[in-house]
Amino acid sequence: KNSLFPDPPRSMGYQNIATADGGVATGETDNYTVTVVDSSVPLKVNLVWADVVGSSSCTDCLVNDLRLIVTAPGGAIYYGNNFSGSWSTTGTYDDDKNVVESVYIQNPATGAWTFGVYGTQYGTPINTFTRQPYSLVYSGGFGPYGPAALAPNRSKYPAIVEQAVPAEPKVL
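First, a word on what this report is: a plain description of the structure on this page. Just so it is clear, the structure is predicted and the values come from calculations on it, not from any experiment.

1. Notes on the overall build of the chain
Phase 1: A tally of helices and strands in the chain yields 0 helices and 10 strands.
Phase 2: Mapped from its N terminus to its C terminus, the chain presents α and β elements in the order β-β-β-β-β-β-β-β-β-β.
Phase 3: In the chain, which comprises 172 residues, the share counted as buried stands at 42%.
Phase 4: If you take every contact in the chain between residues at least 6 apart in sequence, the share linking residues at least 24 apart comes to 74%.

2. Things to note about the environment of Gln132
Phase 1: Checked against the element boundaries, Gln132 lands in the loop between β8 (111–121) and β9 (134–140).
Phase 2: A C-alpha to C-alpha distance of 7.3 Å links Gln132 and Gly22, two positions 110 residues apart in sequence.
Phase 3: Only 2.8 Å separates the side chain of Gln132 from the backbone oxygen of Ala50, close enough to count as a polar contact.

3. What to know about the sheet that holds strand β6 (residues 87–90)
Phase 1: If you trace the 5 strands from one edge of the open sheet to the other, you get β2-β8-β4-β5-β6, paired in antiparallel fashion. Taken across any chain shown, the strands that pair with only one partner, and hence form the sheet edges, are β2 (29–36) and β6. Strand-to-strand twist in this sheet, taken as the mean axis angle between neighbours without regard to direction, amounts to 45°.
Phase 2: Pairing of β2 with β8, which is carried by 8 bridges, proceeds in the antiparallel orientation. The partner of Thr33 across the bridge, within β8, is Thr114.

4. Some thoughts on the pattern of salt bridges
Side-chain pairing between opposite charges can occur once the charged atoms of the two side chains come close.
Phase 1: With the rule as written, the count across this model stands at 5 salt bridges.
Phase 2: A salt bridge links Lys97 to Asp96, with the nearest nitrogen and oxygen atoms 3.5 Å apart.
Phase 3: Because the salt bridges share partners, they merge into one network encompassing Asp65, Arg67, Asp94 and Glu101.

5. Re the environment of Arg131
Phase 1: Note that Arg131 resides in the loop between β8 and β9.
Phase 2: For the pair Arg131 and Ala18, spaced 113 residues apart in the sequence, the C-alpha separation amounts to 9.4 Å.
Phase 3: A polar atom in the side chain of Arg131 sits 2.7 Å from the side chain of Glu28.

6. Points about the nonpolar core
Phase 1: By size, the foremost hydrophobic cluster in this structure holds 24 residues, and its most contacted members are Trp113, Phe115, Tyr134 and Leu136.
Phase 2: Those elements that place two or more of their residues in this core are β2, β3 (43–48), β4 (65–71), β7 (100–105), β8 and β9.

7. Remarks on the side chain of Arg10
Phase 1: Here Arg10 is to be found in the segment before β1 (11–17).
Phase 2: A polar contact of 3.2 Å, which involves the side chain of Arg10, links it to the backbone oxygen of Pro42.

8. Section: the environment of Tyr32
Phase 1: By secondary structure assignment, the location of Tyr32 is in strand β2.
Phase 2: A relative accessible area of 0% means that Tyr32 is categorised as buried.
Phase 3: Residues Tyr32 and Val117, 85 residues apart in the sequence, show an inter-C-alpha distance of 8.5 Å.

9. Some remarks on unusual backbone geometry
Phase 1: Not every positive phi belongs to a glycine, and Asn81 is a case in point at roughly 65°.
Phase 2: Tracing the backbone through its elements, the reader meets Asn81 in strand β5 (residues 77–84).

Cut-offs applied
- Residues numbered from 1 in each chain as written.
- Predicted model: local features only at pLDDT ≥ 70, side-chain atom pairs only at ≥ 80, totals over all residues.
- Heavy atoms only, no water.
- Helix = DSSP H or I, 4+ residues; strand = E, 2+ residues; numbered from the N terminus.
- Buried < 20%, exposed > 50% of the residue type's maximum accessible area, 1.4 Å probe, protein only.
- Contact = heavy atoms within 4.5 Å.
- Polar contact = N/O pair within 3.5 Å; in protein donor to acceptor, adjacent residues only side chain to side chain.
- Pairing = 2+ DSSP bridges.
- Axes fitted to C-alpha atoms, helices over the stretch in contact; angles between N-to-C directions.
- Salt bridge = Lys/Arg side-chain N within 4 Å of Asp/Glu carboxyl O.
- Core = buried A, V, L, I, M, F, W, Y, C linked by side-chain atoms within 4.5 Å.

Here is the structure:
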């Protein structure tokens, strides 16, 4: 229940960028901006993508690598999977081993937060895709109706699937 339809004041949204021309290639970035209105609700941002099988002799086995970078309203920067205990900490971090990257902020500042999805390495296509597809799921104190539907700030997006999920489901 709390994952798909969290109790207020927590709400969630997601971006599923899984089309043949969607996603990011090496050197490309998709940025999304959401507004946090309740700092008592933790902000949780998760990026996930599929990867192709690496070489059997690899040490760092990611073939296609993305990076999650979350920027706070005051400019503090949080990198995916850079944790101190259960919560994210600022500072540079390069996770090149996992296809899931997360940023968790216990008491996020109110205001505009930016979620950046960076294509750090995309060399082997998934199917016939020209960019690395991904999904971005986020929850926090976005208000009673959840975050507004988001679109990446790149102009070359032909098609995206995006949803904002309200804090409570409508009963029909």
